[in-house]
Amino acid sequence: MKTPYNHIYAVLKINRLIVISVIIGATLSMVFSGWMVYTTYQKALHSAFAISTTGEVIPLKLIAQKESQEVEALAHLELFHKHFYNIDASNYKENLEKALWLGNSSVDAVYRQKKADGVYNRLIQYSLVQRIRSIESEVNLDTDPFSFKTTTRFEINRGAITDVYELVTTGNLIAVDRNFPNNPHGLLITDYFEKSLRKLTDESY
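Note on numbering: residues in each chain are counted from 1, in written sequence order. The predicted origin of the model limits local features to residues at a pLDDT of at least 70 and limits the giving and counting of side-chain atom pairs to 80 or more, whereas totals for whole chains, interfaces and linings rest on all residues. In computing side-chain properties, one takes all heavy atoms of the structure into account and sets aside hydrogens as well as water.

**Student:** Sorry if this is basic, but what is going on with the pairing of strand E4 (residues 129-140) here?
**Tutor:** A regular strand carries its side chains on alternate faces of the sheet. Bridging between strand E3 (residues 87-88) and E4 involves two bridges; their strand directions are antiparallel. Across the sheet, the residue bridging to isoleucine 87 is glutamine 130, located in E4. At least two bridges found by DSSP between two strands is the condition for calling them paired. A helix here means a DSSP run of H or I that spans at least four residues, while a strand means a run of E at least two residues long, and both kinds are numbered starting from the N terminus. When E4 meets strand E5 (residues 146-157), the two strands line up antiparallel, connected through eleven bridges. Pairing of serine 137 across the sheet is with threonine 150, part of E5. Linking two consecutive strands that pair antiparallel, namely E4 and E5, is a turn of five residues.

Right under this line is the structure:
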């Protein structure tokens, strides 16, 4: 039995629709791919990249941002330690008030413990002068929040005698709103801890 012509025309019509659909799909895919390539190229023109030691491509914008964060963190830690430990009978109240703006309740807890131990009373009673010699901080920007370790060397002048100490402190840094001049770097010290304190001999400094 012969296939009617109208069945052949129906099959050809379906085939034509399939071919047209495939052509349209391929065209749209090519247009989309071309648009993506163009967009990526335009972004690359306005971006710069660096190669890390492991061979990874890192946008310089991210590197600049990370460097900026490190500078801010180190400056914040230096400012805090200067206010908190660079004190004498005449300025300790003002300096400690400034320091407390830079940390959370963990800093306040250390301050209250020192106060309870009579540290500031002895400062007044014996006219002690505590001066910072150096502050060296290490900040890990790969953690969230940023962790830090600071080594502070300071001297305590007791008139004829001057003793030098090395204090190691640790904690974390979180981002907060800037508050000039109270907190110019927009960071807050948390989990603050005085890890170790040792008296240095003449040979060690």
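**Student:** Where do I start with the packing of aromatic side chains in this structure?
**Tutor:** For any pair of aromatic rings, the description rests on two quantities: the centre-to-centre distance and the angle between the ring planes. Two rings belonging to Phe, Tyr or Trp (six-membered ring only in the last case) form a pair when the distance between their centres is within 6.5 Å. Interplanar angles under 30 degrees mark stacking, angles over 60 mark edge-to-face geometry, and anything in between is tilted. The full count for this structure, using the stated rule, is nine aromatic pairs. Centre to centre, the rings of phenylalanine 84 and tyrosine 85 are 5.0 Å apart; their planes meet at 85 degrees, and the pair counts as edge-to-face. When sorted by exposure, phenylalanine 84 lands in the same class as tyrosine 85, which is buried. Among the aromatic side chains, those forming a connected cluster through ring pairs are Phe80, Phe84, Tyr85, Phe154, Tyr165 and Tyr192. Exposed residues in this analysis have more than 50% of their type's maximum accessible area, buried residues have under 20%, and partly exposed residues fall in between, with area computed by a 1.4 Å probe over protein chains only.

**Student:** So what exactly am I meant to see when it comes to the nonpolar core here?
**Tutor:** When a protein is soluble and globular, its nonpolar side chains tend to lie buried together. Phe80, Phe84, Leu173, Ile189 and Tyr192 are the most contacted members of the largest nonpolar core, which totals 28 residues. Broken down by element, the residue count for this core peaks at five residues, all from helix H2 (residues 60-85). Not counting residues up to four positions away in its chain, the partners in contact with tyrosine 192 are Phe80, His81, Tyr85, Ser106, Val107, Val110, Phe148, Thr169, Thr170 and Gly171. By convention a nonpolar core is built from buried Ala, Val, Leu, Ile, Met, Phe, Trp, Tyr and Cys residues, the set being connected through side-chain atoms within 4.5 Å. Note on contacts: a residue pair qualifies if any of its non-hydrogen atoms lie within 4.5 Å across the two residues.

**Student:** Can you help me understand the pattern of salt bridges in this one?
**Tutor:** Pairing is possible between side chains of opposite charge, provided their charged atoms come close. A side-chain nitrogen of Lys or Arg and a carboxyl oxygen of Asp or Glu constitute a salt bridge if their distance falls within 4 Å. Scanning the model with the defined rule gives eleven salt bridges in all. Across the pair arginine 153 and glutamate 166 runs a salt bridge whose closest N-O atoms are separated by 3.1 Å. With arginine 153 in strand E5 and glutamate 166 in strand E6 (residues 162-175), this residue pair connects regions lying 13 residues apart in the sequence. Under the relative-accessibility criterion, arginine 153 is labelled partly exposed at 25%. According to the relative accessible area criterion, glutamate 166 is buried, its value standing at 12%.

**Student:** Help me understand the sheet that holds E4, please; the structure alone is not making it clear to me.
**Tutor:** Backbone-to-backbone hydrogen bonds join strands into a sheet, with any given pair of strands oriented parallel or antiparallel. The strand order across the open sheet formed by five strands is E3-E4-E5-E6-E7, and the pairing between neighbours is antiparallel. At either end of the open sheet lies a strand with only one pairing partner, and these are E3 and strand E7 (187-200).

**Student:** Just to check I follow, could you spell out a nonpolar patch on the surface for this structure?
**Tutor:** Residues enter patches when they are more than 30% accessible in relative terms and free of salt bridges; like-charged ones are connected within 9 Å and nonpolar ones (Val, Leu, Ile, Met, Phe, Trp, Tyr) within 5 Å. A 1.4 Å probe and the Shrake-Rupley method give the accessible areas. Residues count as covered only by the protein chains that appear here. On the surface, a nonpolar cluster with roughly 320 Å² of combined accessible area is contributed by Ile8, Tyr9 and Leu12. Structurally, leucine 12 can be placed in helix H1 (residues 5-45). By relative accessible area, which is 49% here, leucine 12 ends up partly exposed.

**Student:** I would appreciate a short explanation of the environment of lysine 199 in the present structure.
**Tutor:** Along the chain, lysine 199 turns up in strand E7. For lysine 199 and valine 164, which are 35 residues apart along the polypeptide, the C-alpha to C-alpha distance reads 6.0 Å. Not counting the four nearest positions on each side in its chain, lysine 199 is found in contact with Asp163, Val164 and Tyr165. Counting of polar contacts relies on pairs of N or O atoms within 3.5 Å, with two restrictions inside protein: one atom must be capable of donating a hydrogen and the other of accepting it, and residues adjacent in sequence are counted only when both atoms are side-chain atoms. In this structure the side chain of lysine 199 is engaged in a polar contact, spanning 3.4 Å, whose partner is the side chain of aspartate 163.

**Student:** Help me understand helix H4 (residues 105-116) in this model?
**Tutor:** With twelve residues, H4 extends 16 Å between its outermost C-alpha atoms, agreeing within 8% with the 16 Å of an ideal straight helix rising 1.5 Å per residue. Along H4, the positions that sit buried rather than exposed are Ser106, Val107, Val110, Tyr111 and Lys114. Looking straight down H4, one finds that the buried residues subtend no more than 145 degrees of arc, so they occupy a single side. Residues of H4 that are exposed and point more than 90 degrees away from the buried face comprise Ser105, Arg112, Lys115 and Ala116. Looking one or two residues beyond H4, the residue adopting positive phi is glycine 118, at roughly 85 degrees. For a helix, the expected span equals 1.5 Å multiplied by the residue count minus one. This arc describes the spread of directions from the helix axis toward the C-beta atoms.

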